There are 2 protein chains.
Amino acid sequence: MDFEHADAINQAIRLLSLRHRARAASLLAPLGLHPGQEALLLELARHGPMIQAQLSEALGCEPPSVTLMTRKLEAGGHIRRAPAPSDRRASIVELTDSGKALAEQVKQLWCALAEETVRGLPAATVAELPGILNTLTGNVDTRR
Amino acid sequence: MDFEHADAINQAIRLLSLRHRARAASLLAPLGLHPGQEALLLELARHGPMIQAQLSEALGCEPPSVTLMTRKLEAGGHIRRAPAPSDRRASIVELTDSGKALAEQVKQLWCALAEETVRGLPAATVAELPGILNTLTGNVDTRR
DNA sequence: GCATAATAATTATGCGCATAACCAATATGT
DNA sequence: ACATATTGGTTATGCGCATAATTATTATGC
């Protein structure tokens, strides 16, 4: 592959990251959330109570990141942490009532953001978009 | 759009961002670069000397980010900053010889990364990928 | 010509992400 | 059973990104 084409791809991914994140930030700000935190809330809403190691795996980020995000969401009253009875190292994270309500609001925003993001693309392309993006992600995923 | 589909798209973009950046980081680390810096070097290699406001525009990030990145690249000896003769507010940024050599190495890595990223996709999809990504980016771009 | 607006850059601060080092608790191998 | 390895979590530190506020210079309106 020549450099022009390669750069078009890499640069497009970089810019999409920046812009999609920035747009998410502006939508989440009125809810008092920063981008990244919504993923944690949605994962808890989907899966129910989890320990941080599971969150780290599900969100695709490292344990120290989860420590800080959970701390801030806990300070905001959206989640609760309790020691796991079966393993005294682990702490179980779950949504509070406020967190559950917030997650519902995030779901609405998430739909609006996705629709805005794919606007103007042919329906067929939209349909195969998740598959394409997942392939790209899998190709550069060194996490395993 | 229902939440499942919306989340598939938003989450896929978020994960692609994380993984592509992480992969870029591991490729750039041997060159002593952090992700983001390569974009600045490549832009200077493509366009020649520029002032920071132009870099900010071209890279799609804010002026304070450019200030810090240029400071670090300058400390590494890869770029040089000189006051602009025509406008004493502006500073002209250009590659040093070391920076030019480094940019060439980055170009090689960039091709390898793009090939790795699109591996397994049909050629037709690869061909339209930049267009699709740019459409997505444009849809959420509030910068103008 | 001079007050005012706009622009280039910087500093301060905060968030998400990372890695490295560390502690506490559980699992394992002999 | 006990030393060792593994796992869950935290702290410290550093980078890229952001916004808000500040300074210095240039452009503009009357």
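Going by the structure above, here's the rest.
Residues numbered from 1 in each chain as written. Chains lettered and ligands numbered in written order. Predicted model: local features only at pLDDT ≥ 70, side-chain atom pairs only at ≥ 80, totals over all residues. Heavy atoms only, no water.

> Which parts of the structure should I look at to understand the protein's contact with DNA strand C?
Around DNA strand C sit 27 residues in total, of which A:Gln37, B:Ala53, B:Arg71, B:Arg81 and B:Arg89 are the nearest. Near-protein atoms of DNA strand C (within 4 Å) split between backbone and bases, with sugar and phosphate holding 78%. The contact in question runs from a base nitrogen of DNA strand C to an N or O atom on the side chain of A:Arg89, over 3.5 Å. The contact in question runs from a phosphate oxygen of DNA strand C to an N or O atom on the side chain of B:Gln52, over 2.7 Å. (Near = heavy atom within 4 Å. Polar contact = N/O pair within 3.5 Å; in protein donor to acceptor, adjacent residues only side chain to side chain.)

> Please explain the pattern of salt bridges as it appears in this structure.
Oppositely charged side chains can form a pair if their charged atoms are brought close together. Counted according to the given criterion, the structure contains 16 salt bridges over all chains. Linking A:Asp7 and B:Arg46 is a salt bridge whose minimum nitrogen-to-oxygen distance equals 2.6 Å. Of this pair, A:Asp7 sits in helix 1 (residues 3-28) while B:Arg46 is found in helix 2 (residues 37-47), placing the two residues in two different chains. A:Asp7 gets classed as buried once you look at its relative accessible area, which sits at 10%. Look at B:Arg46 and you get partly exposed, because its relative accessible area is 47%. As a salt-bridge pair, B:Glu43 and B:Arg46 come within 2.6 Å of each other at their nearest N and O atoms. With B:Glu43 and B:Arg46 both in helix 2, this residue pair falls three residues apart, about one helical turn. (Salt bridge = Lys/Arg side-chain N within 4 Å of Asp/Glu carboxyl O. Helix = DSSP H or I, 4+ residues; strand = E, 2+ residues; numbered from the N terminus. Buried < 20%, exposed > 50% of the residue type's maximum accessible area, 1.4 Å probe, protein only.)

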